[in-house]
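# Structural characterization, general
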Amino acid sequence: MPKLIRAAALLCLAPVLAVWFAAGQPAEAQDSGALALDEAAQESLAAVEQYLNGLQTLKADFKQVGPDGEPAEGVIYMRRPGLLRVEYAPPVPVLIVGDGLWIHYHDMELGQVNDWFIYETPLGALTREVTRFGEDLEVTAFAERDGRIEITVVHEGDPRGGSLTLVLATDPLRLVRWRVIDAQGLVTTVALHDIETNIRLPRRLFVFDDPRTKPATNR
């Protein structure tokens with residue numbers, strides 16, 4: 001499997017960072033980092049916030065395109081707060097599990113596991129108990145046109161390494177895509193389809209069977 005496909009899967013969990021939003025001349029952050037939004041934009045932002053806070057669970061198929069243009073796909077499960085599972089379809093041997101506190105990235109082919117505090121990752125912004133734009137999620141760009149809303153956020157504590165852009169359809173309002181840009185400008189896009197929301201998802205989906213804790217077998 002190409003290394004950049006693995007890197008793209010990993011990129012989806014890189015810390016949320018600085019702004020770069022290039023789609024169609026959206027509003028831009030001022031030098032101070034504050035974003036000036038008109039009343040209509042503020043109302044749309046509030047509606048998105050309300051929508052995200054109403055998502056208790058989500059299941060969707062996804063298609064991902066990484067920095068090299070290589071595609072990957074799989075299934076994503078989310079349950080608030082803090083629970084996440086991303087299953088990549090073959091040939092990508094990657095499983096990502098958020099257990100409520102940590103994100104575990106398991107490369108099953110290499111036998112490697114990496115861990116991050118979930119709320120320091122882009123998907124942590126979607127799985128937190130309450131999403132509030134303008135607090136630790138700083139809005140750095142906003143655009144609404146052609147039945148879509150695009151919102152770029154960075155983590156307030158680390159605004160230089162990359163960004164997360166949420167793309168929502170407006171009729172009805174629903175999350176359909178996100179884009180992550182890392183500190184080097186590498187872009188990974190994830191598109192959702194066959195989306196189901198507020199359905200029952202078993203807790204067992206979000207338990208990570210850590211291979212590092214299993215006793216070695218005698219050879």
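These numbers come from a predicted model, not from an experiment. (Residues numbered from 1 in each chain as written. Predicted model: local features only at pLDDT ≥ 70, side-chain atom pairs only at ≥ 80, totals over all residues. Heavy atoms only, no water.)

Let us look at the overall build of the protein chain. When its secondary structure is counted, the protein chain shows three helices and 12 strands. Sorting the 219 residues of the protein chain into buried and exposed places 48% on the buried side. (Helix = DSSP H or I, 4+ residues; strand = E, 2+ residues; numbered from the N terminus. Buried < 20%, exposed > 50% of the residue type's maximum accessible area, 1.4 Å probe, protein only.)

With that settled, consider the side chain of Thr131. Counting through the fold element by element, Thr131 comes out in the loop between helix 3 (122–127) and strand 8 (137–145). Note on Thr131: relative accessible area 2%, which makes it buried. With sequence-adjacent residues up to four places away left out, Thr131 is seen in contact with Glu49, Leu52, Asn53, Arg80, Ala125 and Leu137. (Contact = heavy atoms within 4.5 Å.)

Next up on the list: the nonpolar core. Across soluble globular proteins, you tend to see nonpolar side chains buried next to one another. One finds Ile76, Phe133, Ile151, Leu166 and Trp178 to be the most contacted residues of the largest nonpolar core, which totals 40 residues. The leading source of residues in this core is helix 2 (residues 39–54), at five residues. Leaving out residues up to four positions away in the same chain, Ile151 has contacts with Leu45, Val48, Phe133, Val139, Ala141, Phe142, Leu164, Thr165, Leu166 and Leu168. Val75, Leu83, Leu205 and Phe206 belong to the second-largest nonpolar core, a separate cluster that totals six residues. (Core = buried A, V, L, I, M, F, W, Y, C linked by side-chain atoms within 4.5 Å.)

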